[in-house]
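Working through the structure, step by step
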Amino acid sequence: MGPHPAVAAIRLAVRRVLHDILTDHTRPLGAPSPPAPYAPPGPLVLVACSGGADSMALASALAFEAPKLGIRAGGITVDHGLQTGSDLRADEVVARLVELGMAPVESLAVTVGRDGGPEAAARDARYAALDAAAERHGAAAILLGHTRDDQAETVLLGLARGSGIRSLSGMAEVSGAGGRYRRPFLHLDRQTARKACMAQSLPVWDDPHNADPAYTRSRLRHEGLPALEKALGKGVVGALARTAQLSRDDADALDAWARQAEASVRDTAGLLECAKLYALPPAVRRRILRRAAIEAGAPAGSLFARHIEEVDRLITGWRGQGVINLPGKVVAQRQGGRLVIRQS
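Residues numbered from 1 in each chain as written. Predicted model: local features only at pLDDT ≥ 70, side-chain atom pairs only at ≥ 80, totals over all residues. Heavy atoms only, no water.

Re the overall build of the protein chain
- Tallying secondary structure elements over the protein chain gives 12 helices and 10 strands in all.
- When the backbone C-alpha atoms are referred to their principal axes, the protein chain occupies close to 70 × 60 × 40 Å.
- Looking at the protein chain as a whole, 44% of its 344 residues are labelled buried.
- Put simply, 67% of the contacts in the protein chain that link residues at least 6 apart link residues at least 24 apart.
- In the form shown here, the protein chain has an accessible surface area of approximately 17,800 Å², with 55% of it arising from carbon and sulfur atoms.
- When the 43 positive and 36 negative side-chain charges of the protein chain are each reduced to one mean point, those points stand 4 Å apart. (Helix = DSSP H or I, 4+ residues; strand = E, 2+ residues; numbered from the N terminus. Buried < 20%, exposed > 50% of the residue type's maximum accessible area, 1.4 Å probe, protein only. Contact = heavy atoms within 4.5 Å. Areas by Shrake-Rupley, 256 points an atom, 1.4 Å probe, with all protein chains shown as cover. Lys, Arg positive; Asp, Glu negative; His and termini not counted. Charge placed at Lys NZ, Arg CZ, Asp CG, Glu CD.)

A few points about the sheet that holds strand β6 (residues 181-182)
- Spatial ordering of the open sheet is given by β3-β2-β1-β4-β6-β5, a layout of 6 strands whose pairing is mixed. Of all the strands in the sheet, the pair left with one neighbour each is β3 (105-109) and β5 (174-175).
- Direction of pairing for strand β1 (residues 44-48) relative to strand β2 (residues 72-79): parallel, over a ladder of 5 bridges. Considered in β2, the bridge of Leu44 is made with Arg72. (Pairing = 2+ DSSP bridges.)

Notes on the nonpolar core
- Core analysis: the largest hydrophobic core is formed by 36 residues, its most contacted members being Leu18, Ile21, Leu62, Met102, Leu143 and Phe185.
- At the level of elements, α1 (5-24), β1, α2 (53-65), α3 (86-99), β4 (141-143) and α7 (190-199) are the ones that each hand at least two residues to this core.
- Setting aside chain neighbours within four positions, we find Met102 in contact with Val47, Ala59, Leu62, Ala63, Ala73, Gly74, Gly75 and Leu97.
- If you look at the next biggest cluster of nonpolar residues, it comprises 26 residues, including Ile315, Ile324, Val330 and Leu339. (Core = buried A, V, L, I, M, F, W, Y, C linked by side-chain atoms within 4.5 Å.)

Some thoughts on the confidence of the model for the protein chain
- Residues at a pLDDT of 70 or more form 95% of the protein chain, whose mean pLDDT is 90.
- Across residues 27-31, confidence stays below pLDDT 50; counting only partners more than four residues off in sequence or on other chains, it has 2 contacts. (pLDDT = per-residue confidence, 0-100.)

Some points on the pairing of β2
- With 7 of 8 residues buried, β2 is to be regarded as a mostly interior element.
- Taken together, β1, α2 and β2 constitute a β-α-β crossover, and its handedness is right-handed.
- Here β2 runs beside β3; their pairing, made up of 5 bridges, is parallel. Counterpart to Gly75 in the pairing with β3 is Val105.
- A crossover connection joins β2 to the parallel β3 through α3; in handedness this β-α-β unit is right-handed. (Right-handed = clockwise from strand over helix to strand, strands pointing away.)

Quick notes on the pairing of strand β9 (residues 330-335)
- As paired elements, strand β8 (residues 324-326) and β9 share 3 bridges and run antiparallel to each other. Directly across from Leu326, in β9, lies its bridge partner Val330.
- Here β8 folds back onto β9 in antiparallel fashion, the turn holding 3 residues, of which Gly328 has a positive phi close to 75°.
- Note: β9 against strand β10 (residues 338-343), 6 bridges, orientation antiparallel. Residue Ala332 lies in a different strand from β10, and its bridge partner there is Ile341.
- Counted along the chain from β9 to the antiparallel partner β10, the turn is 2 residues long, and its residue Gly336 has a positive phi close to 55°.

A closer look at unusual backbone geometry
- In this model, Ala103 is joined to Pro104 through a cis peptide bond whose omega is 0°.
- On the secondary structure map, Pro104 appears in the loop between α3 and β3.
- Unusually for a residue other than glycine, Ser201 sits at a positive phi of about 55°.
- Among the secondary structure elements, Ser201 is positioned in the loop between α7 and α8 (216-232).
- Even without being glycine, Lys329 reaches a positive phi, approximately 60°.
- Position of Lys329 among the secondary structure elements: in the loop between β8 and β9.

Shown next as structure tokens:
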């Protein structure tokens, strides 16, 4: 008798991603194999685990599948320090990962700042810690437990911000420097992960922040999405996830176009020429402007559509406007038919 259907589903999702990781890290074609006694160890794959159902299901699947492929499985839990007893809870997660046979396993305490609000600040601190852990351990990849439900919520949040098609594309299956982050569960729903934990008698922790209406994502999860399903019928989550993939394909194509077009709109000094920018389609032009702002020092997470629209008006609606202030103390201004974006 095979495993529970939910367990089989999460293992299959992880197995596919591990095969992709192996493909990305195989030795060059034609290179000789080292003698068996000196064969290097397999790549290390870490799982980011909060102790919740999604990440515990992911950790269990990684621990099961990795050894069969010659991959080393490790785990990281991040203690944000935002709740009483968070350090003890992190220690419990470490113990569970060790019980699954993972190594290395560690808990990382972070300090959460204030920039961008509590959710964004916690996310920034978490990813910084995970990046540092990956570098320290030489990990080939870090697995994240985001599900199809998380993807649907991300799409709706992007829609609410009015941030354009890139926000509607949600989370990528592969992201980060060198494709470090992998999300095997984006095609699985949250209930599948929870059922897999129940079938394996895995203890899980339900973060009270996920039910706290003070947080935007929590309100969306417990109020917004149920209201949409009531009004539009079941299938909203799946439809939003499909929208994310279609939007990502379109956004990737437009990003590639913008990268190719950027060189043609700069003069010999590297400044952006307004007349040439004006001739481009708006979707391409605004991508070039956003990229230029980020290169000048504007934080990508704080740079919204309204900022780029203001800069774009220096191109399309020039009436002698003054300096446009952008996040990160970056300014944009039009000077002699050129667009200058720099630190103030």
